Amino acid sequence: MGYTETGIGYQSTDTSKAAANSNYKGKLTIRDRVHQLLEKTSEALSTEDIAGLLNVPYGSVQPRLSELQNEDKVEDSGERGKTRWGKACIKWRAK
């Protein structure tokens, strides 16, 4: 996975790279929105919770959490939830 100068991740396709580079100054990215949500809430949230609250696809949230974790901005709360399939999942919180 590649990253733009602003740290937005993209896959190894020209369309993914173009989308990542289409961000403009002042625009809140999904990563920014995820981070703000976790900073504002007192409870730990799963990826599915975050996707639902922000009304964005799960597949757009999960990679953003990985980016934020790599930037040391979010962490595994130690709490676990259940996915819609009944599997255990991490609940995240801002650092």
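Just above sits the structure.
One structure accompanies this document, and this report is about it. The structure displayed is predicted, hence computed values, not measured ones. (Residues numbered from 1 in each chain as written. Predicted model: local features only at pLDDT ≥ 70, side-chain atom pairs only at ≥ 80, totals over all residues. Heavy atoms only, no water.)

**Brief notes about the pairing of strand β4 (residues 88–94)**
Worth spelling out the cut-off: DSSP calls a pair of strands paired once it identifies at least 2 bridges connecting them. Runs of H or I in DSSP of at least four residues are treated as helices and runs of E of at least two as strands, each being numbered from the N terminus.
Bridging between strand β3 (residues 74–82) and β4 involves 6 bridges; their strand directions are antiparallel. Its bridge partner lying in β4, Glu75 is registered against Arg93. Remark: 5 residues form the turn of the hairpin made by β3 and β4, two consecutive strands paired antiparallel; Gly86 in that turn has positive phi of roughly 85 degrees.

**Remarks on helix α4 (residues 58–70)**
The following threshold applies: Take the number of residues in a helix, subtract one, and multiply by 1.5 Å to get its expected span. The buried label applies to any residue whose accessible area, calculated with a 1.4 Å probe on protein chains only, is under 20% of its type's maximum; exposed applies above 50%, and partly exposed to all values in between. Taken from the helix axis, the directions to the C-beta atoms give the arc we talk about. Every residue pair with non-hydrogen atoms within 4.5 Å of one another is taken to be in contact.
The end-to-end C-alpha separation of α4 is 19 Å, in line with the 18 Å expected for 13 residues at 1.5 Å each. Those residues of α4 lying buried are Val61, Arg64, Leu65, Glu67 and Leu68. Axial view of α4: buried residues confined to an arc of 160 degrees, hence all on one face. Summarising the geometry of α4, the exposed residues directed more than 90 degrees from the buried face are Gly59 and Asn70. Where α4 is buried, its residues touch β1 (2–3), β2 (9–10), α2 (30–40), α3 (47–54), β3 and β4. Following α4 by one or two positions, Asp72 adopts a phi angle in the positive range, close to 60 degrees.

**Let's talk about the pattern of salt bridges**
Note on pairing: side chains with opposite charge can pair once their charged atoms come close. Here is the rule: Salt-bridge detection follows one rule: a side-chain nitrogen of Lys or Arg within 4 Å of a carboxyl oxygen of Asp or Glu.
Enumeration according to the criterion identifies 7 salt bridges in this entry. A salt bridge links Glu71 to Arg31; the shortest N-O distance between them is 3.9 Å. Of this pair, Glu71 sits in the loop between α4 and β3 while Arg31 is found in helix α2, placing the two residues 40 residues apart along the sequence. The class for Glu71 is partly exposed, based on a relative accessible area of 32%. You can call Arg31 buried: its relative accessible area is 9%. We note a salt bridge from Glu71 to Lys73, for which the minimum N-O separation is 3.4 Å.

**Looking at the side chain of Ser77**
Our working definition: Pairing of N or O atoms within 3.5 Å defines a polar contact, subject to two protein rules: one partner must be a possible hydrogen donor and the other a possible acceptor, and residues neighboring in sequence count only if both atoms are side-chain atoms.
Here Ser77 is to be found in strand β3. Within the structure, Ser77 has its side chain in polar contact with the backbone nitrogen of Glu79 (distance 3.0 Å). For Ser77, the side chain forms a polar contact with the main-chain oxygen of Lys91, separated by 2.7 Å. Among residues more than four places away in sequence, those in contact with Ser77 are Ala44, Lys91 and Arg93.

**Remarks on the packing of α2 against α4**
Operational definition: Structural elements are reduced to axes, namely lines fitted to C-alpha atoms, with helices fitted over the stretch in contact, and the angle between N-to-C directions of any two is expressed from 0 to 180 degrees. Every angle not falling under 35 degrees, over 145, or within 65 to 115 is termed oblique; those three ranges are roughly parallel, roughly antiparallel and roughly perpendicular. Residues are sorted three ways: Asp, Glu, Lys and Arg are charged, Ala, Val, Leu, Ile, Met, Phe, Trp, Tyr, Cys and Pro are nonpolar, and all the rest, Gly among them, are polar.
Following both chains from N to C, one finds α2 and α4 inclined at 75 degrees, their axes separated by 9 Å at the closest point. What the angle tells us is that α2 and α4 run roughly perpendicular. Across from Ile30, Arg31, Val34, His35 and Leu38 in α2, the residues of α4 making contact are Ser60, Val61, Arg64, Leu65, Glu67 and Leu68. Residue classes in the contact of α2 with α4 are distributed as 6 nonpolar, 2 polar and 3 charged.

All we've got here are geometric facts, nothing functional implied.
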